[in-house]
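# Inside the fold
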Amino acid sequence: MATKTKDTVHVFGAASVMGLLSERPRVLALGEPTHDDGSLLWARNDLFRELVEEEGFRTVAVESDCLRGLLVDEYVTSGHGTLDEVMERGFSHGFGAYTANRELVRWLRAHNEGRPVGERVRFAGFDGPLEISGAESPRQSLSALYDYLAEQVEADLLPCSAGTLDRLLGADGPWADPETMTDPGRSVGRTSEAGALRLVADDLVALLDAQAPHLVAATSRAELERAELYGRTAVGLLRYHHWLADTSPARVNRLLGVRDQMMAHNLLALADRGPVLVHAHNSHLQRERSSMRMWQGLMEWWSAGALVAGRLGRGYAFLPTALGTLRHHGVEDPSRGSVEGELYALGAERCVVDAPGLARVLGEGGAEPRVSPWFGYAALDPAHLAGADGLVFVREVVPSVGAGGGEHSGA
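Computed from a predicted structure; not experimentally measured. (Residues numbered from 1 in each chain as written. Predicted model: local features only at pLDDT ≥ 70, side-chain atom pairs only at ≥ 80, totals over all residues. Heavy atoms only, no water.)

Moving on, we get to the overall build of the chain. Within the chain one finds 17 helices and 13 strands. Its C-alpha atoms give the chain a radius of gyration of 22 Å, within 12% of the compact-globule value 22 Å for 411 residues. Counting only C-alpha atoms, the chain reaches 70 × 50 × 40 Å along its principal axes. Within the chain, contacts between residues separated by at least 24 positions form 79% of all contacts whose residues are at least 6 apart in sequence. Of the accessible surface of the chain, which amounts to about 16,900 Å², a share of 50% is contributed by carbon and sulfur atoms. Between the centroid of the 39 positive side chains of the chain and the centroid of its 56 negative side chains there is a distance of 3 Å. (Helix = DSSP H or I, 4+ residues; strand = E, 2+ residues; numbered from the N terminus. Rg over C-alpha atoms; globule rule 2.2 N^0.38 Å. Contact = heavy atoms within 4.5 Å. Areas by Shrake-Rupley, 256 points an atom, 1.4 Å probe, with all protein chains shown as cover. Lys, Arg positive; Asp, Glu negative; His and termini not counted. Charge placed at Lys NZ, Arg CZ, Asp CG, Glu CD.)

What follows is the structure, given as structure tokens:
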């Protein structure tokens, strides 16, 4: 078995990844089994650097707030702000404290320095302004969309006045109350004001679409695309808040699905402007139905990757990352019967694996599932191996020196 397994393993690098794909993807997604500032992110950085330099990818998107990501994009493309500022304000989920993320942003800025605008690599967050435990107010996105339209179209085309919009939004605090995750009664997502805001958001997005030719001419394609991002975010956030107020058994499943739907819409928009490199938790990128065990039991939903793959077909490629050890979190050597154990035994520190080929080597019996002793690490599901386009394996995961993160749990 070891010899046959070795035949599916290739040297770590962009050439090996691209060699596994039948066609050049519009979205190339690299997953991770845990959020941890260490070897996994440094492997991502090295691989993405090669894919940018050798394969011409022009956007790097990560699992972080799409609105905050605009600050990082301005920095890496134009030098606006400072590295310290964008790391503090440009990431959600605490990911701005990760040493490897800081290095990624620093490298993107250095890469773009002196290059023509059309050759610069863009940065994007593709998550919504939310986390499993709650969501932010729709004020930022909805107000930004309204202001953009108010400057460019006749006032009587707008669905309401700026004052009415402000009154409907109310204070931000009740929207962002984290207690709503476990107490739907605290949510403001189904108040009469929230219902009116959903109609306003829908009308503003429709107006943006109807006025697109004028708006491109009056502003720019980039400004229209940013307004479209505001529109997607506002609609998604209002939908998320609506389901936070739900009391049915489907509530959490619905919330997980809405979040990944927002991610998928952002990825598809990014793909429209050129080839995209994506990095996020495996559960957000896999083609199979995702699952997570929470206090209510097993939750299942379709990931952003599954939704994007349904639209792009072979234009979407996914490589999950698997790991051998994560000793600082109690994850020791994998058992030989698991996928991770088979690869760990080969001794390579980092490699790219022909995932469908390895699935064939393992045969009908497959591999045994690995059981994680730490809640923050989700081992590779061997049943998903054949559905991936490839696999990245990192043998020993160690934290970054001076890392500020590593404790973010879940997906």
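Additional details are given in the paragraphs that follow.
Our next topic: the environment of S16. Here S16 lies in helix α2 (residues 14-19). When the C-alpha atoms of S16 and V339 are compared, they prove to be 20 Å apart, with 323 residues separating the residues in sequence. Once you skip the residues sitting within four places of it in the chain, S16 turns out to touch H10, V11 and V352. At 2.6 Å, the side chain of S16 forms a polar contact with the backbone oxygen of V11. (Polar contact = N/O pair within 3.5 Å; in protein donor to acceptor, adjacent residues only side chain to side chain.)

In this structure, L28, L51, V60, F91, V105, L108 and L277 are the most contacted members of the largest nonpolar core, which totals 45 residues. Top element by residues in this core is helix α3 (residues 39-55). It accounts for 7 residues. When sequence neighbours within four positions are dropped, the list of residues in contact with L51 reads A14, M18, L28, G56, F57 and L277. Counting residues in hydrophobic clusters, the runner-up holds 30 residues, among them L168, L169, V200 and L207. (Core = buried A, V, L, I, M, F, W, Y, C linked by side-chain atoms within 4.5 Å. Buried < 20%, exposed > 50% of the residue type's maximum accessible area, 1.4 Å probe, protein only.)

Let's shift gears to the environment of S335. Here S335 shows up in the loop between β11 (321-325) and α16 (339-344). Classification of S335 as partly exposed rests on a relative accessible area of 35%. Once the C-alpha coordinates of S335 and A345 are considered, the two residues, 10 residues apart in sequence, prove to be 9.6 Å apart. Setting aside its immediate chain neighbours within four residues, S335 contacts G341 and E368. Engagement of the side chain of S335 in a polar contact is seen with the side chain of E368, the distance being 2.6 Å.

With that settled, the discussion passes to helix α15 (residues 304-312). Among all positions in α15, only A304, G305, A306, V308, A309 and L312 are buried. Close packing links the buried residues of α15 with β2 (27-32), α13 (251-271), α14 (282-285) and β10 (316-319).

This part covers the sheet that holds β11. In space, the 4 strands of this open sheet follow the order β1-β12-β13-β11, with mixed pairing throughout. Both edges of this open sheet fall to β1 (9-11) and β11, since each of them pairs with a single strand only. Averaged over neighbouring strand pairs, the angle between their axes works out to 30° when direction is ignored. Pairing of strand β12 (residues 350-353) with strand β13 (residues 391-396) involves 4 bridges; the strand directions are antiparallel. Within the sheet, the bridge partner assigned to R350 lies in β13 and is V394. Most of the contacts of α3 go to β13, to which it runs at about 135°, and overall it touches β11, β12 and β13. (Pairing = 2+ DSSP bridges. Axes fitted to C-alpha atoms, helices over the stretch in contact; angles between N-to-C directions.)

Another aspect to go through is the packing of helix α7 (residues 139-152) against helix α10 (residues 192-210). Taken N-terminus to C-terminus, the directions of α7 and α10 make an angle of 40°; their axes are 11 Å apart at the nearest point. One finds that α7 runs oblique with respect to α10. Pair α7 / α10 crosses with left-handed handedness. Seen from α7, the contacting residues are L142, L145, Y146, Y148 and L149; seen from α10, they are L197, A201, L204, V205, L207 and L208. By residue class, the composition of the contact of α7 with α10 is 11 nonpolar, no polar and no charged. (Parallel < 35°, antiparallel > 145°, perpendicular 65-115°, else oblique. Left-handed = near helix turned anticlockwise from the far one by under 90°. Nonpolar A, V, L, I, M, F, W, Y, C, P; charged D, E, K, R; others polar.)

Sheet strands pair by backbone hydrogen bonding; their relative direction is either parallel or antiparallel. The parallel open sheet is built from 5 strands, whose spatial order is β4-β3-β7-β2-β10. Both outer strands of the open sheet, β4 (122-127) and β10, are each paired with one neighbouring strand and no more. Across the sheet, the mean angle from the axis of one strand to that of its neighbour is 25°, orientation sign disregarded. Alignment of β2 against strand β7 (residues 276-281), held across 6 bridges, turns out to be parallel. Directly across from L30, in β7, lies its bridge partner H279.

The next thing to look at is the pairing of β10. On a regular strand, each side chain points to the face opposite its neighbour's, so the side chains alternate between the two faces of the sheet. Here β10 shows two buried faces, one formed by Y316 and F318 and the other by A317 and L319. The pairing of β2 with β10 spans 4 bridges and is classified as parallel. Directly across from L30, in β10, lies its bridge partner L319.

With that settled, the discussion passes to the layout of surface pockets. One number sums up the size of the second largest pocket: a volume of about 630 Å³. Those elements that provide at least two residues to the lining of the second largest pocket are α4 (69-78), β4, α12 (221-244) and α13. Here the lining of the second largest pocket takes 8 residues from α12, the largest share from any one element. Considered class by class, the residues forming the lining of the second largest pocket number 9 nonpolar, 4 polar and 11 charged. (1 Å grid on protein atoms, 1.4 Å probe; cavity = no way out; pocket = protein on both sides within 12 Å on 5 of 7 lines; lining within 4 Å. Points joined across faces, edges and corners; volume = space filled by probe spheres on them.)

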